[in-house]
Amino acid sequence: DEIGSLENLLEDKIFAESELNDRIAALTGEVDRLQRELVRARGAGGAGTAASADALRAAVADEHTYCDICDSRAHGIADCPELATRPESLFKQDVPVDLSRPYCDNCESFGGHWTDECPHGDDVF
């Protein structure tokens, strides 16, 4: 059983090392991309100017901007026009609530009690 534990440790080490190498490769690619973008921004606006720094920040921000609400890359979640125009409907469920059957949020099920009467109410979930 000790050999099995050592084999598991070795496999975990190899897996972790592989993940770290993948992360290093991804970050190296990101550094290379940012360096190219910096050179491009400096070439467009002159070395070290505020305009080129702003252009670089905007380019990097644009590449990482994504809205999960409407699946758009044009803006982030906080700037989503859907959230501004109808915020209550984004979080509202259109499912009718059946009050004849008690539901417990702690147990996450319909059962014999309501959440405020849950025997597991003091448990940590």
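Criteria and thresholds
- Residues numbered from 1 in each chain as written.
- Predicted model: local features only at pLDDT ≥ 70, side-chain atom pairs only at ≥ 80, totals over all residues.
- Heavy atoms only, no water.
- Salt bridge = Lys/Arg side-chain N within 4 Å of Asp/Glu carboxyl O.
- Helix = DSSP H or I, 4+ residues; strand = E, 2+ residues; numbered from the N terminus.
- Buried < 20%, exposed > 50% of the residue type's maximum accessible area, 1.4 Å probe, protein only.
- Contact = heavy atoms within 4.5 Å.
- Disulfide = S-S within 2.5 Å.

(A) Quick look at the pattern of salt bridges. With the rule as written, the count across this model stands at 3 salt bridges. With its nearest N and O atoms 3.1 Å apart, the salt bridge here joins Lys13 to Glu17. Linking Lys13 with Glu17, this pair stays in helix 1 (residues 2–45), spanning 4 residues, or about one helical turn. Using a relative accessible area of 42% as the deciding quantity, one classes Glu17 as partly exposed. Two residues, Arg40 and Glu37, come together in a salt bridge whose shortest N-O distance is 2.8 Å. One end of the pair, Arg40, and the other, Glu37, are both in helix 1, 3 residues apart, so they sit about a helical turn from each other. With relative accessibility at 16%, the residue Glu37 sits in the buried group.

(B) Examining the side chain of His75 more closely. Following the sequence through the fold, His75 ends up in the loop between helix 2 (50–64) and helix 3 (81–85). For His75, a relative accessible area of 15% corresponds to the buried category. For His75, the contacting residues outside a window of four places in its chain are Thr65, Tyr66, Cys67, Cys70, Cys80 and Pro81.

(C) Looking closely at the state of the cysteines. Applying the stated criterion across every chain, the model contains 0 disulfides. Not engaged in a disulfide, the cysteine Cys104 finds its nearest cysteine sulfur in Cys118; these two sulfurs lie 3.6 Å apart. The thiol of Cys107 is not disulfide-bonded; the next cysteine sulfur, from Cys104, is found 3.7 Å away. You can call Cys107 partly exposed: its relative accessible area is 30%.

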